[in-house]
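Here's the letter readout for the chains.
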Amino acid sequence: MSEVRVRFAPSPTGALHIGGGHTALFNWLWARHNHGRFILRIEDTDLARSTKEYEETIMSGMVWLGLDWDEGPDIGGSYGPYRQSERLGIYRDYADQLVGMGRAYRDGGAIIFRVEAGQDISFRDIVYGQIDVMSDGLREKDSDKLKDIVIIKSDGMPTYNYAVVVDDHLMNITHVIRGEDHISNTPKQILLYRALGWDVPEFAHLPMILGRDKKKLSKRHGATSIYEYRDMGYMPDSMFNFLALLGWSAGDDKEIFTREEAAEWFELSRVTRKAAVFDFDKLNYINQEHLKALAPDVRLSMVRPFWEEAGLPVADVEASRGVKYLEDALTLMAGRGRTAKEMSEFSDYFVSFEPVKARWNAEGVDKEKLKPFFAAIFSHDSWKAEELEGVARSWIGQHEGAKMKDYAMPLRFALTGMKVSPGIFEVAELMGREECRKRLEFYGLL
RNA sequence: GGUCCCAUCGUCCAGAGGCCUAGGACACAGCCCUUUCAAGGCUGCGACGCGGGUUCGAAUCCCGCUGGGACCGCCA
């Protein structure tokens, strides 16, 4: 069997959105699963809306998601150029050929392919199965007239349905994997393949992605571009994992996986036909799972930007306490917070005392009652969480009516300024004796 | 108006005639753990859109209905 070649062919008229990312992802999976090639082609024939900036945005969005391509406008390849605006002569030649064969005609500056009635343009889709269509169905809207296909616009640019056929054939694409909204374009493209005397590639259409209201995902639903998710603190691994699960599953119960695992298990024939709703709850869950499983240094690299964005002195702390301290802090945080951003917010007290002071002022606290407890803790030689807890428990055991939470909570407030945190003795151990002393003294508790 | 597609818990998936009194995950509720909150463990809630067939037997096959959706652009 020949090498599998698939492509993602975005139009640079906007950022990489969820739907595009989903399509790119499935193409990538199929290419990697088959050890084939993944091609990036830019469909910039809409002069008015295409920009170089968007082209770059789309590429960086793919890079962020972890989708690398083997041929493309930036890296070249043996089937280039990979930008449609640089292939105009090619489209022109085949269009002229079609005119020469009498299959197309000129109308003003445009070239139009003639659609004849009675043609069976059915095809077998890998995902959707047999799709039966007759050319007689290719009508003009609100009319019973057959609708011919414009292949070259009067401005000289090729139309989508035509350029995609020429490029997919010339670039040797074996599987055309794209959104379900293209199913009804496929028969028209088949007409063109036949007229040009070319073999038709395999088609696999992917289910659409819907918003919570089951309407096609749009700006109305909030974040639609891939980058917005990065900025909210979602990790590329999670987005990849989540998107892969929209319309596909390995068949078993494995739901948290890496790109490599997904590529290994992926099968086009297992893709679902029903449109899928984009569910934030599930995305959050998947992100949390990945955040939990991350290596300490990677987790820090994910959270760090959000600490910095909040104005916390991350670099200073790293210089004075070492990077290990920051990594350990986040290891303690693993499983807390669904996004890197949340995790950064829930752990700011490790980086600075300032946010703690802003949150808590020790109001209404019976300091005289607490002082002996803290004094007992500080009188102990070791500063290990286990021992600190032991000291705390024995002190409480010796004081009639004393409850752990009545002492642990004030300690938590003084150290973190929050009512929730990891085990407070572990927090204390990591922060270190001196930092804890400083914070408790500030509040007059020591 | 025409062509095409889809239809299992609220959501994402499993299910390719008997293994289904329909399974898993998220969400939700409760319990356990516990210095807090998460995490983790356990339990619960919860679906085959409707109607006809075919068959000994249908979530699975066929037909109709209903309900969604896509496309019909010199946008892609």
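Reading the values: the criteria
Residues numbered from 1 in each chain as written. Chains lettered and ligands numbered in written order. Predicted model: local features only at pLDDT ≥ 70, side-chain atom pairs only at ≥ 80, totals over all residues. Heavy atoms only, no water. Helix = DSSP H or I, 4+ residues; strand = E, 2+ residues; numbered from the N terminus. Rg over C-alpha atoms; globule rule 2.2 N^0.38 Å. Buried < 20%, exposed > 50% of the residue type's maximum accessible area, 1.4 Å probe, protein only. Contact = heavy atoms within 4.5 Å. Areas by Shrake-Rupley, 256 points an atom, 1.4 Å probe, with all protein chains shown as cover. Lys, Arg positive; Asp, Glu negative; His and termini not counted. Charge placed at Lys NZ, Arg CZ, Asp CG, Glu CD. 1 Å grid on protein atoms, 1.4 Å probe; cavity = no way out; pocket = protein on both sides within 12 Å on 5 of 7 lines; lining within 4 Å. Points joined across faces, edges and corners; volume = space filled by probe spheres on them. Nonpolar A, V, L, I, M, F, W, Y, C, P; charged D, E, K, R; others polar. Pairing = 2+ DSSP bridges. Axes fitted to C-alpha atoms, helices over the stretch in contact; angles between N-to-C directions. Near = heavy atom within 4 Å. Polar contact = N/O pair within 3.5 Å; in protein donor to acceptor, adjacent residues only side chain to side chain. Salt bridge = Lys/Arg side-chain N within 4 Å of Asp/Glu carboxyl O. Core = buried A, V, L, I, M, F, W, Y, C linked by side-chain atoms within 4.5 Å. Expected span 1.5 Å × (residues − 1). Right-handed = clockwise from strand over helix to strand, strands pointing away.

Undergrad: Could you clarify how one ought to interpret the overall build of chain A in this entry?
TA: The secondary structure content of chain A amounts to 19 helices and eleven strands. For chain A, whose C-alpha radius of gyration is 30 Å, the value lies well above the compact-globule estimate of 22 Å for 446 residues. The principal-axis extents of the C-alpha atoms in chain A amount to approximately 100 × 45 × 40 Å. The proportion of buried residues among the 446 residues of chain A is 50%. Pairs at least 24 residues apart make up 71% of the contacts formed inside chain A by residues separated by at least 6 positions. Split by element, the accessible area of chain A, about 20400 Å² in all, is 49% carbon and sulfur. Both charge centroids of chain A, one from 58 positive and one from 70 negative side chains, sit 3 Å from each other.

Undergrad: Would you take a moment to explain empty space enclosed by the protein for this structure?
TA: Over the atoms, a rolling probe the size of a water molecule traces out where space has been left empty. With the rule as written, the count across this model stands at two cavities of 30 Å³ or more. Along the walls of the largest cavity sit Ile377, Phe378, Trp383, Leu388, Leu411, Leu415, Phe425, Ala428, Cys436 and Leu440, which together make up its complete lining. The set of elements that each furnish at least two residues to the lining of the largest cavity consists of helix H15 (367-379), helix H17 (404-416), helix H18 (424-431) and helix H19 (433-442). Taken together, the residues of the lining of the largest cavity sort by class into ten nonpolar, no polar and no charged. Considering only enclosed or pocket space, the second largest cavity measures out at about 30 Å³ in volume. Lining the second largest cavity are Ala15, Leu16, Thr57, Gly61, Ser225, Ile226 and Tyr227.

Undergrad: Just to check I follow, could you spell out the sheet that holds strand E4 (residues 110-113) for this structure?
TA: By definition, the strands of a sheet pair up through backbone hydrogen bonds, in either a parallel or an antiparallel sense. Taken in spatial order, the three strands of this open sheet run E3-E4-E7, and their pairing is antiparallel. Each end of this open sheet is capped by a strand with a single partner; those strands are strand E3 (104-107) and strand E7 (149-152). Mean inter-strand twist for the sheet, computed between neighbouring axes without regard to direction, equals 40°. Pairing geometry for E4 and E7, over three bridges, is antiparallel. Its bridge partner lying in E7, Ile112 is registered against Val150. Its contacts with the sheet put helix H3 (residues 88-100) on E3, E4 and E7, and the angle it makes with E3 is roughly 110°.

Undergrad: I'm lost on the protein's contact with RNA strand B in this one. Help?
TA: Around RNA strand B, the structure places 68 residues, and the nearest of them are Lys153, Ser154, Gly247, Arg336 and Arg393. Here the atoms of RNA strand B within 4 Å of the protein split so that 71% fall in sugar or phosphate, with bases taking the remainder. Contact between RNA strand B and Asn185: a base nitrogen at 3.4 Å from a side-chain N or O atom of the residue. Between RNA strand B and the protein, one listed contact pairs a base oxygen with a backbone N or O atom of Gly423 at 3.3 Å.

Undergrad: Quick question: what am I supposed to make of the side chain of Thr224 here?
TA: Within the secondary structure, Thr224 sits in the loop between strand E10 (209-210) and helix H6 (226-231). Excluding its chain neighbours within four sequence positions, the residues that come into contact with Thr224 are Leu16, His17, Ile18, Ser218, Lys219 and Tyr229.

Undergrad: I would appreciate a short explanation of the layout of surface pockets in the present structure.
TA: Roughly 1200 Å³ of internal volume is contained in the largest pocket. Residue lining of the largest pocket: 41 residues in total, with Ser11, His17, Gly20, Asp181 and His182 positioned closest to the centre. For the lining of the largest pocket, the elements supplying multiple residues, two or more each, are strand E1 (5-8), helix H1 (18-33), helix H4 (160-170) and strand E8 (175-179). A per-element tally of the lining of the largest pocket places H1 first, with five residues. Taken together, the residues of the lining of the largest pocket sort by class into 16 nonpolar, 16 polar and nine charged.

Undergrad: Whenever I open this one, the pattern of salt bridges confuses me. Can you help?
TA: Two side chains with opposite charge may pair up if their charged atoms get near one another. Applying the stated rule across the entire model yields 31 salt bridges. The salt bridge partner of Arg83 is Glu86, with a shortest N-O separation of 2.6 Å. By relative accessible area, which is 14% here, Arg83 ends up buried. For Arg393, the salt bridge identified is with Glu389, shortest N-O distance 2.8 Å.

Undergrad: Any chance you could explain the side chain of Asp44 here in plain terms?
TA: On the secondary structure map, Asp44 appears in the loop between strand E2 (37-40) and helix H2 (52-65). Despite its burial, Asp44 pairs with no opposite charge; the closest candidate is Arg83, at 4.8 Å N-O. At a separation of 2.7 Å, a polar atom in the side chain of Asp44 contacts the side chain of Ser85. Those residues in contact with Asp44, other than ones at most four positions away along the chain, are Pro12, Ser50, Arg83, Gln84, Ser85 and Met157.

Undergrad: Teacher, can you tell me more about the nonpolar core here?
TA: Nonpolar side chains tend toward joint burial in soluble globular proteins. Counting 85 residues, the largest nonpolar core has Met62 and Ile151 as its most contacted members. Leaving out residues up to four positions away in the same chain, Ile151 has contacts with Ala95, Leu98, Ala104, Ile111, Ile112, Phe113, Met157, Pro158, Thr159, Tyr162 and Leu192. One finds Ala329, Val391, Ala414 and Phe425 within the second-largest nonpolar core, a separate group that totals 56 residues.

Undergrad: Quick question: what am I supposed to make of the environment of Ala310 here?
TA: Here Ala310 lies in the loop between helix H10 (296-309) and helix H11 (314-321). As for Ala310 and Glu345, which are separated by 35 residues in sequence, their C-alpha atoms are 8.6 Å apart.

Undergrad: Is there a simple way to think about H2 in this case?
TA: Residue pairs spaced three or four apart in an α-helix point in one direction, given the helix's 3.6 residues per turn. In a regular helix each residue adds 1.5 Å, so 14 residues correspond to 20 Å; H2 covers 20 Å between its end C-alpha atoms and thus fits that length. For H2, the full list of buried residues reads Glu55, Ile58, Met59, Gly61, Met62, Trp64 and Leu65. Tucked inside the fold, the buried residues of H2 contact E1, H1, E2, H6, helix H7 (236-244) and helix H8 (259-265). Looking one or two residues past H2, Gly66 carries a phi angle of roughly 90°, positive in sign.

Undergrad: For this particular structure, what's the right way to read the pairing of E8?
TA: Along any regular strand, the residues point their side chains to alternate faces of the sheet. Taking burial as the measure, the five residues of E8 include five buried ones, the bulk of the element. Taken together, E8, helix H5 (residues 186-196) and strand E9 (residues 202-206) form a β-α-β motif whose crossover is right-handed.

Undergrad: Looking at this structure, how should I read the environment of Glu387?
TA: Checked against the element boundaries, Glu387 lands in helix H16 (residues 385-398). Side chain to side chain, Glu387 and His380 meet in a polar contact 2.9 Å long.

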